[in-house]
Amino acid sequence: MTAGQAKVIPIESAPSWSGPEAPSIPLADRLARSVATLLAGRAGPMAEAVLGKDWEDRAANGLAFLRRRITGDYQVDEFGFDQELTEEVLLTLLRPLAEKYFRIEVRGIENIPTEGGVLVVANHSGVLPLDALMTQWAIHDHTPGHRHLRMLAADLVFVLPVLGELARKAGHTLACNEDAQALLERGEVVGVWPEGFKGIGKPFADRYKLQRFGRGGFVASALRARVPIVPCSIVGAEETYPMLGNAKTLARLLGVPYLPLTPTFPWLGPLGAIPLPTKWTIQFGAPIPTDQHPAEAAEDPMLVFNLTDEVRETIQHTLYRLLVERRSVFF
Amino acid sequence: MGKVVLVTGVARQLGAQFAERIRRQPGVELVVGVDLRPAPQLPPPQPGDPVADYVFAPVDLRRPAIAGVLAEYGVDTVVHLNVSATNPGAVGRASVKEINVIGSMQLLGACQQSAQLRRLVVKSTTGVYGATSRDPAVFTERTQAKTLPSGGFAKDAAEVEGYVRGFARRRPDVAISVLRFANLVGPGADTPLAEYFALPLLPTVLGYDPRLQFLHVEDAVEVLRRAALEPAPDTVNTGTFNVAGEGVLLLSQCARRLGRPTLPMLGPALGWAAALAKQTRVSDFSAEQIGLLTHGRVVDTTALREVFGYRPRYSTTEAFADFAAGSGPGLLPPGRLAAVTDRLADLLKRPPEES
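What counts, and at which threshold
Residues numbered from 1 in each chain as written. Chains lettered and ligands numbered in written order. Predicted model: local features only at pLDDT ≥ 70, side-chain atom pairs only at ≥ 80, totals over all residues. Heavy atoms only, no water. Core = buried A, V, L, I, M, F, W, Y, C linked by side-chain atoms within 4.5 Å. Buried < 20%, exposed > 50% of the residue type's maximum accessible area, 1.4 Å probe, protein only. Helix = DSSP H or I, 4+ residues; strand = E, 2+ residues; numbered from the N terminus. Contact = heavy atoms within 4.5 Å. Axes fitted to C-alpha atoms, helices over the stretch in contact; angles between N-to-C directions. Parallel < 35°, antiparallel > 145°, perpendicular 65-115°, else oblique. Nonpolar A, V, L, I, M, F, W, Y, C, P; charged D, E, K, R; others polar. Buried area = accessible area lost by both parts, 1.4 Å probe. Salt bridge = Lys/Arg side-chain N within 4 Å of Asp/Glu carboxyl O. Polar contact = N/O pair within 3.5 Å; in protein donor to acceptor, adjacent residues only side chain to side chain. Pairing = 2+ DSSP bridges. Phe/Tyr/Trp six-rings, centres within 6.5 Å; stacked < 30°, edge-to-face > 60°. Lys NZ or Arg CZ within 6 Å of the ring centre and 35° of its normal.

- An unreviewed UniProt entry lists chain B under the name NAD-dependent dehydratase, with Streptomyces tateyamensis as the source organism.

What follows is the structure in structure tokens.
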């Protein structure tokens, strides 16, 4: 049956999904026929008007994507990273937020090498880890090879249903030495936010003041894998959710590290969860090489602490410089 | 004089296939099969077929009689495959555990006394690493489990591995391989996970999509064969090795490839459903299986490839495809779903003037 034949069938008499008059026609044919009927009728020009000229190509791509998804015909890596889903869905959803809402200016992207392992270390802020997601977008959309950032996430992420699943599919894994080293040795771009909950859940008054950088585990991993460390400073995320208070008792009851009280949350309900449209800058600094140290340098606590401090100071100073340059929080 | 190989657990698919394979190995003189029941599928050898003799010894490993078998046949290689999640000769978790743990202790005790013994191969499971949200994504042989398996087959395997380490200290002259197998699949695989995938609707844990790895039975047999013989040049076949097909499949991918719809359930509800199935003996679905279906488990197989010197012929995807081909069609066959999108795509390709 062709689309030409389909044209003569009026829309009203298109075969219904479960019509008893056509029980022998397979589901695929019935569905195809009804769509053909629609497109041949008024829906065709309408679709073109609404969706644009090349809607057919895009629909064909979408169908091919759908076909792979519903038949399970796609690849994930050992960490559960689903590259297709990340590129087609997750990054597509992040892009308008990054480009239109936060109007992120990405600087120093040339400091991310085009290939090979690298550890990106950034400041953490803004109640929700939007800064991490935006860094993932920045690295994917701005590096020539469209590299994927593999983040090391807090263990809370993987305890929670749905969130843990999405994090794995987006390429992230648990922040532990084994995973960090395995990813770096595979030549991936690994992202770490060493301040953790101390950084993301700090009061608004402490904005842009870097918290303690964990125990330096990330530096040890980079030393073992002998990959450079790229300090990354993010400005703008602090003001997305100004955290004025912290409902500590309720947070403890819910088993979360903090429960923010912002000017809008929880007073406006779900509306309060909308981030403020601040203007962001993500600055990647010059890489700090680690390959001049021998591999066993990771066992030298003094060296690890010194390198940790160097990374921390670089990020802090860049933050101050970017803040001075900034005209306004929102523009 | 050739090798005398003793294989435990020959009543099960893996044991039977391995016994069959090792009989065809040049240099093997006699294969002794041990289990409660004889192996079901050993075909009679063709005349002129160079196969080693096969003797079946109906021994309950929980009793000390196994020492007599080792001495009687002069066994020099023991391949212990009897640590399993279920046992065809036993009903109920308690007796399975007894066969797994007490049986292994008896066997190791007998091995310790045997002067001829040169080589011991023990089948274990990647389940010994556990499966929690706090574990690294990829386990290497050196990774310590964050929490020891709380029960079930994985706990048995972890305990057996402990006894094997004790045995290794007492008999340093015996070459020991511990092989941690991922989920075995293949045509007619008789494992709990294969039973799970045979359900018409697959219950899953809502909000989790675990990463799974599979090992084809043929690869398992080949790895056992190599471990039971002298190592090839430049390889080492003693020690502990993770054995799994390369690559990873998500549970959702497995379900779609099988064409079986999933039934996402809240974690605790799935636990109750599993307990109910266990009570009513519909299916023996342990807490450890639920852990696997929640957080998944992936092991690193670099040591298998580079030290042991074997690259599994079937990747995880291929092993699962072979298993899927052998299992019945599901309610949503991927072929039919693909036909729908293909038809739609065909319609789009036609130029609009034609219609």
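## A few points about the nonpolar core
Argument step 1. By size, the foremost hydrophobic cluster in this structure holds 39 residues, and its most contacted members are A:Leu119, A:Val121, A:Leu223 and A:Ile229.
Argument step 2. Of all the elements in the fold, those that place two or more residues in this core are β2 (118–122), α8 (177–185), β5 (189–192), α10 (217–225), β6 (229–235) and α12 (301–325) of chain A.
Argument step 3. In terms of residue count, the dominant contributor to this core is α12(A) (7 residues).
Argument step 4. Apart from the residues within four sequence positions on either side, A:Leu223 is in contact with A:Thr290, A:His293, A:Ala295, A:Ala297, A:Ala298, A:Leu303, A:Val304 and A:Leu307.
Argument step 5. Among the nonpolar cores identified, the runner-up in size contains 36 residues, and B:Val10, B:Val28, B:Ala182 and B:Ala228 belong to it.

## Here's the deal with the packing of helix α3 (residues 93–113) of chain B against helix α4 (residues 152–170) of chain B
Two quantities define a packed helix pair, namely the angle between the axes and the distance from one axis to the other.
Residue and element names in this part refer to chain B.
Argument step 1. At a closest axis distance of 10 Å, the pairing of α3 and α4 adopts a crossing angle of 10°. What the angle tells us is that α3 and α4 run roughly parallel. Side by side, α3 and α4 meet where Arg93, Lys97, Asn100, Val101, Ser104, Met105, Leu108, Cys111 and Gln112 of the first sit next to Gly152, Phe153, Asp156, Glu159, Val160, Tyr163, Val164, Phe167 and Arg170 of the second.
Argument step 2. The residue makeup of the contact of α3 with α4, split by class, is 9 nonpolar, 4 polar and 5 charged.

## Describing the interface of chain A and chain B
Argument step 1. Taken together, the contact pairs 44 residues of chain A with 37 residues of chain B.
Argument step 2. It is A:Leu63, A:Ile70 and A:Glu78 in chain A that bury the most area against chain B; as a group they hold 16% of the surface buried on that side.
Argument step 3. Inspection of the region where chain A meets chain B yields 3 salt bridges.
Argument step 4. Of the charged contacts in the structure, one is a salt bridge between A:Lys169 and B:Asp209, with a shortest N-O distance of 2.8 Å.
Argument step 5. Here chain A is connected to chain B by 14 residue pairs in polar contact (both at pLDDT 80 or more).
Argument step 6. Elements with a minimum of two residues in the side of chain A that touches chain B: α1 (3–7), α2 (27–51), α3 (55–70), α6 (155–159), α7 (163–169), β4 (173–174) and α8 of chain A.
Argument step 7. The dominant element in the side of chain A that touches chain B, judged by the number of residues it contributes, is α3(A), at 9 residues.
Argument step 8. For the side of chain A that touches chain B, the class distribution of residues is 23 nonpolar, 6 polar and 15 charged.

## Looking at the sheet that holds strand β3 (residues 149–153) of chain A
Residues and elements named next belong to chain A.
Argument step 1. Taken in spatial order, the 7 strands make up an open sheet running β1-β9-β6-β2-β5-β3-β4, and their pairing is mixed. Of all the strands in the sheet, the pair left with one neighbour each is β1 (105–107) and β4.
Argument step 2. Its contacts with the sheet place helix α5 (residues 130–142) against β1, β2, β3, β5, β6 and β9 (281–284), and it is angled at close to 165° to β3.
Argument step 3. Across the sheet, α12 touches β1, β2, β6 and β9, and the angle it forms with β6 is around 30°.

## Regarding the packing of aromatic side chains
Argument step 1. Taken as a whole and judged by the stated rule, the model has 12 aromatic pairs over all chains.
Argument step 2. Ring plane angle 75° and centroid distance 6.0 Å describe the contact between A:Phe213 and A:Phe218, whose orientation is recorded as edge-to-face.
Argument step 3. The exposure class assigned to A:Phe213 is buried, which follows from its relative accessible area of 3%.
Argument step 4. Taken together through their ring pairs, the aromatic side chains of B:Tyr196, B:Phe197, B:Phe214, B:Phe320 and B:Phe323 make up a single cluster.
Argument step 5. Between A:Arg168 and the ring centre of A:Phe158, over which it is positioned, the NZ or CZ distance is 4.5 Å.

## What to know about the sheet that holds strand β4 (residues 77–80) of chain B
Residue and element names in this part refer to chain B.
Argument step 1. Strands sit in the order β3-β2-β1-β4-β5-β7-β12 across an open sheet of 7 strands; the sheet is parallel. Each edge of the sheet is formed by a strand with only one pairing partner; in this case those strands are β3 (53–58) and β12 (239–243). The mean inter-strand angle of the sheet, taken between neighbouring strand axes irrespective of direction, is 20°.
Argument step 2. Relative to strand β7 (residues 175–181), strand β5 (residues 119–125) is paired through 7 bridges, and the arrangement is parallel. The residue of β7 that forms the bridge with Thr125 is Phe181.
Argument step 3. Lying on the sheet, α4 is in contact with β5 and β7; it crosses β5 at an angle near 155°.
Argument step 4. Relative to β7, helix α6 (residues 217–228) is tilted by about 170°, and along the sheet it contacts β1 (3–8), β4, β5, β7 and β12.

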